[in-house]
Amino acid sequence: MTKSELRTRVQEALNDTTGVHWTTSQIDRALLEAAETLVEETRAIRRSTLVPLMEGASYYYLQALAPDLLFPYRIWTARDERKLTALSLKELDAYHQEWDTVTGDPELWCPLSWDVFVLWPRIANGGNLLRVDYIAWPQDDLGDEDMWDVPEQSQDTLLHYALYDLSLQYYDLDNAQGNLQIFAQQFDAAQSRSGVRKVQAREFGREPFPRLVISSGIR
């Protein structure tokens, strides 16, 4: 459904098609929050971006790579399409205590914080590109005839979250609770369809640390 169609369904469900109690902007904000909640937990929107490798740089800030980037889940060297191995910071520290001093062709990447990841080794010369595959936030500037990039089966999930949120604003607790229960059921189904697992090693597509093999032989 388009943004306009979703908004109309919300207004009809609230019996407020003329916008007396809830403005268009209130409904749009509720729908966007619903889309963000769904995407964050189900990894529903996946995109890629090319990032220049910067000479001597180890740290890459997510917001500098793409404005809609929620978190990366796979990183490649674009020139030779080589997938970098993902490690935790603890594993990287264990592998090389002075890892920040090493230069060479990147072999690993490591989430450092919610908005920064590390490449190791840091590249001595720029010129190559990274391809970053990432989970994306939904667009917050959709036109009325545009659609959010969420699966069609999850459209009703957005509707019931918005109805829950908007009902709370008028202290309609019964309606809010009913829509929250439906949202929770549909949300669980959307998570199951997405195949998301709360296991970091699988999320990043890597082998556990003891089986790690570094092709460059750097220690």
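Thresholds applied
Here, residues in each chain are numbered from 1, in the same order as that chain's written sequence. Reporting in this predicted model follows two pLDDT cut-offs: at least 70 for local features of residues, and 80 or more for side-chain atom pairs to be given and counted; totals over whole chains, interfaces and linings ignore these cut-offs and use all residues. Excluded from the side-chain calculations are hydrogens and water; all other atoms, namely the structure's heavy atoms, are used. To qualify as a helix, a DSSP run of H or I must reach at least 4 residues; to qualify as a strand, a run of E must reach at least 2; elements of each kind are numbered from the N terminus. When checking whether two residues touch, look at their non-hydrogen atoms; a contact exists if any pair is within 4.5 Å. Here, Shrake-Rupley sampling with a 1.4 Å probe gives the accessible areas, and only protein chains in the shown set may cover a residue. Axes, fitted as lines to C-alpha atoms, cover a helix only where it is in contact. Angles between the N-to-C directions of the axes lie from 0 to 180 degrees. Geometric relationships in this document are graded by angle, where less than 35 degrees denotes roughly parallel, more than 145 denotes roughly antiparallel, 65 to 115 denotes roughly perpendicular, and other angles denote oblique. Handedness of a helix crossing follows the sense of rotation of the near helix relative to the far helix, less than a right angle counterclockwise being left-handed and clockwise being right-handed. Residue polarity follows a fixed list, in which Ala, Val, Leu, Ile, Met, Phe, Trp, Tyr, Cys and Pro are nonpolar, Asp, Glu, Lys and Arg are charged, and the others, Gly among them, are polar. Any two strands with at least two DSSP-identified bridges between them are counted as paired. Exposure is judged per residue with a 1.4 Å probe applied to protein chains only, and the accessible area is read against the type maximum: over 50% gives exposed, under 20% gives buried, and values in between give partly exposed.

**A closer look at the overall build of the chain**
Tallying secondary structure elements over the chain gives seven helices and eight strands in all. Across the chain, every contact between residues at least 6 apart in sequence was considered, and the portion connecting residues at least 24 apart equals 72%. For the chain, the accessible surface area stands at approximately 11,900 Å², while carbon and sulfur atoms represent 48% of it.

**Quick word on the packing of helix α2 (residues 24–42) against helix α5 (residues 155–169)**
In helix packing, the relevant descriptors are the interaxial angle and the interaxial distance, both defined with respect to the helix axes. At their nearest, the axes of α2 and α5 sit 8 Å apart, and the two run at 130 degrees to each other. Relative to α5, α2 is oriented oblique. Considering only the axes of α2 and α5, their crossing is right-handed. Residues Gln26, Ile27, Ala30, Leu31, Glu33, Ala34, Ala35, Thr37 and Leu38 of α2 touch α5, and the partners they reach there are Thr157, Leu158, Tyr161, Ala162, Asp165, Leu166 and Gln169. By residue class, the composition of the contact of α2 with α5 is ten nonpolar, four polar and two charged.

**Thoughts on the sheet that holds strand β7 (residues 116–120)**
To summarise the sheet geometry, strands pair through backbone hydrogen bonds and adopt either a parallel or an antiparallel arrangement. Overall, mixed pairing links the four strands, which are arranged β2-β7-β6-β5 in an open sheet. The sheet is open, and its two borders are formed by β2 (59–61) and β5 (85–86), each paired with just one other strand. As judged from the five bridges shared by strand β6 (residues 108–113) and β7, these two strands associate in the antiparallel manner. Bridging across to β7, Cys110 finds its partner in Val118.

**Considerations on the pairing of β7**
Most of β7 sits inside the fold, with five of its five residues counted as buried. With burial as the criterion, each face of β7 is covered, one bearing Val116, Val118 and Trp120 and the other bearing Phe117 and Leu119. The pairing of β2 with β7 spans three bridges and is antiparallel. If you follow Tyr59 over to β7, its bridge partner there is Val118. Two successive antiparallel strands, β6 and β7, enclose a turn made up of two residues.

Just geometry here; none of it tells us what the structure is for.
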